[in-house]
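# Architecture and fold: a report
Here's the letter readout for the chains.
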Amino acid sequence: MNVVVLTLVESNCANPGPRTQALHLVDELKARGAIVRTAEASKPEEVDAALADPNERIVLAVDTDEQVNAVMARLVRMAVPAPSKRPEGLPEGRTIPDLPALAILPLGAAPGIVARLGLPEKPAEVAAAVAEGVVKHTDLLRHDGGGVAVDGVRLGGGDRPWRGVVNIDDVVLADGSEQILACVVANADGYAATEDMVLAEPDPADGKVDVAVAVPVTVGRLRKKLRIEVRRARGRAVAVHPEDTVTFIQDGLVGELGRKRTWWIEPGAAGWYVGA
């Protein structure tokens, strides 16, 4: 059994030094007969080089969901076939083959993705899962900007409502005429709820993307009241077209979206070592 333990480090960190959890993991893997190689990456091309051997089982030693997302994005980039070449045996409803399975070793507080997917966290547990080789498959979100999401995306959600069109398959959740308080595109449940309401209840292995929009509506004929209406739907793909720029968070990465973006589900494309 060959294993690579890849530690992601910040590009401005000149000498991150050894991390105790990673050292313990290496010892645990070697005790189980593994041949272990360690690598560090702070740039996308360094991730590609570290994960180039298809015969190695992969452990990511990371601090954040954003780092997990970065590696998944590189794995997808490496796996995407040429537009004119659809590989034989590609699962139905998929544009990419199965990605290499990953184990996640938290270096600090566990990334939220670890807990939400029910993955092992301690070095001995991670080593045992990698050695046993049992893989749990979950869905993965991709979007037309080239990115991915394991957990999902929340657009808006602060004190600045926005307007836009939200379609999932042939269902219109928002037509651009109303204010949107928040919109979630969910695979797992990291962004499925706000402080005071549940927006979606996704299952990361059901082959569907869950989408919800929270919209303020006025009700009552005589004594008008404002309430929050949550519209929900599930499907294969969702398109969000904001009227202006809206802030979003995707697997821990904060950004701004000012154009139409489409997310779609890749059923069962991601794999995670979970042990027996």
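Quick summary incoming for the structure in this document. (Residues numbered from 1 in each chain as written. Predicted model: local features only at pLDDT ≥ 70, side-chain atom pairs only at ≥ 80, totals over all residues. Heavy atoms only, no water.)

Here we take up the overall build of the chain. Counting its regular elements, the chain contains 5 helices and 16 strands. At 20 Å, the chain has a C-alpha radius of gyration in line with the 19 Å of a compact globule built from 276 residues. Across its three principal directions, the C-alpha atoms of the chain cover 75 × 40 × 35 Å. When each of the 276 residues of the chain is scored for burial, the buried share is 45%. Considering only intrachain contacts with a sequence separation of at least 6, the fraction spanning at least 24 residues in the chain is 72%. Of the roughly 13,600 Å² of accessible surface on the chain, 48% is carried by carbon and sulfur atoms. On the chain, the mean spot of the 31 positive side-chain charges and the mean spot of the 39 negative ones are 5 Å from each other. (Helix = DSSP H or I, 4+ residues; strand = E, 2+ residues; numbered from the N terminus. Rg over C-alpha atoms; globule rule 2.2 N^0.38 Å. Buried < 20%, exposed > 50% of the residue type's maximum accessible area, 1.4 Å probe, protein only. Contact = heavy atoms within 4.5 Å. Areas by Shrake-Rupley, 256 points an atom, 1.4 Å probe, with all protein chains shown as cover. Lys, Arg positive; Asp, Glu negative; His and termini not counted. Charge placed at Lys NZ, Arg CZ, Asp CG, Glu CD.)

Below, the discussion takes up the sheet that holds strand β11 (residues 209-219). Pairing between sheet strands relies on hydrogen bonds along the backbone, with the strands arranged either parallel or antiparallel. Spatial strand order, β12-β11-β10-β7-β14-β15: 6 strands in an open sheet with antiparallel pairing. Looking at the sheet topology across the chains shown, the edges are occupied by β12 (225-235) and β15 (253-257). The sheet shows a mean angle of 20° between the axes of neighbouring strands, direction not considered. The pairing of strand β14 (residues 246-250) with β15 spans 5 bridges and is classified as antiparallel. Within β15, the position partnered with Thr247 by the bridge is Glu256. (Pairing = 2+ DSSP bridges. Axes fitted to C-alpha atoms, helices over the stretch in contact; angles between N-to-C directions.)

In this model helix α1 (residues 20-31) runs 17 Å from its N-terminal to its C-terminal C-alpha over 12 residues, within 8% of the 16 Å that 1.5 Å per residue would give. Every buried residue belonging to α1 is among Ala22, Leu25, Val26 and Leu29, and all of these are buried. What you see down the axis of α1 is that its buried residues fit within an arc of 100°, all on one side. The exposed set on the far side of α1, more than 90 degrees from its buried face, consists of Asp27 and Ala31. (Expected span 1.5 Å × (residues − 1). Arc of directions from axis to C-beta.)

Pairing between side chains of opposite charge can happen when their charged atoms approach one another. For the coordinates displayed, the defined rule picks out 12 salt bridges. A salt bridge links Arg142 to Glu266; the shortest N-O distance between them is 3.6 Å. Of this pair, Arg142 sits in strand β5 (residues 135-143) while Glu266 sits in strand β16 (residues 261-273), placing them 124 residues apart in sequence. One exposure class covers both Arg142 and Glu266, and it is buried. A salt bridge links Arg231 to Glu229, with the shortest nitrogen-to-oxygen separation between them at 2.5 Å. A relative accessible area of 22% means that Glu229 is categorised as partly exposed. Within the structure, one salt-bridge network assembled from shared partners comprises Glu178, Arg227, Glu229 and Arg231. (Salt bridge = Lys/Arg side-chain N within 4 Å of Asp/Glu carboxyl O.)

Ranked by size, the top nonpolar core spans 30 residues in total, and within it Leu6, Leu51, Leu60, Met72, Ile104, Leu140 and Trp272 carry the most contacts. For this core, the secondary structure elements donating two or more residues are β1 (2-8), β2 (35-41), α2 (44-50), β3 (56-62), α3 (65-79), β4 (102-106), α4 (112-116) and β16. Excluding residues within four positions of it along the chain, Leu140 makes contact with Met72, Val76, Ile96, Leu99, Val148, Ala149, Val150, Asn187, Trp264, Ile265, Glu266 and Ala269. Val213, Ala233, Val238 and Val246 belong to the second-largest nonpolar core, a separate cluster that totals 25 residues. (Core = buried A, V, L, I, M, F, W, Y, C linked by side-chain atoms within 4.5 Å.)

This brings us to the environment of Ile113. Tracing the backbone shows Ile113 in helix α4. Among the residues examined, Ile113 registers a relative accessible area of 2% and is labelled buried. Sequence-wise, Ile113 and Lys225 are 112 residues apart; in three dimensions their C-alpha atoms are separated by 38 Å. Beyond its immediate chain neighbours, meaning those up to four positions away, Ile113 contacts Asp65, Val68, Val150, Asp151 and Asp251.

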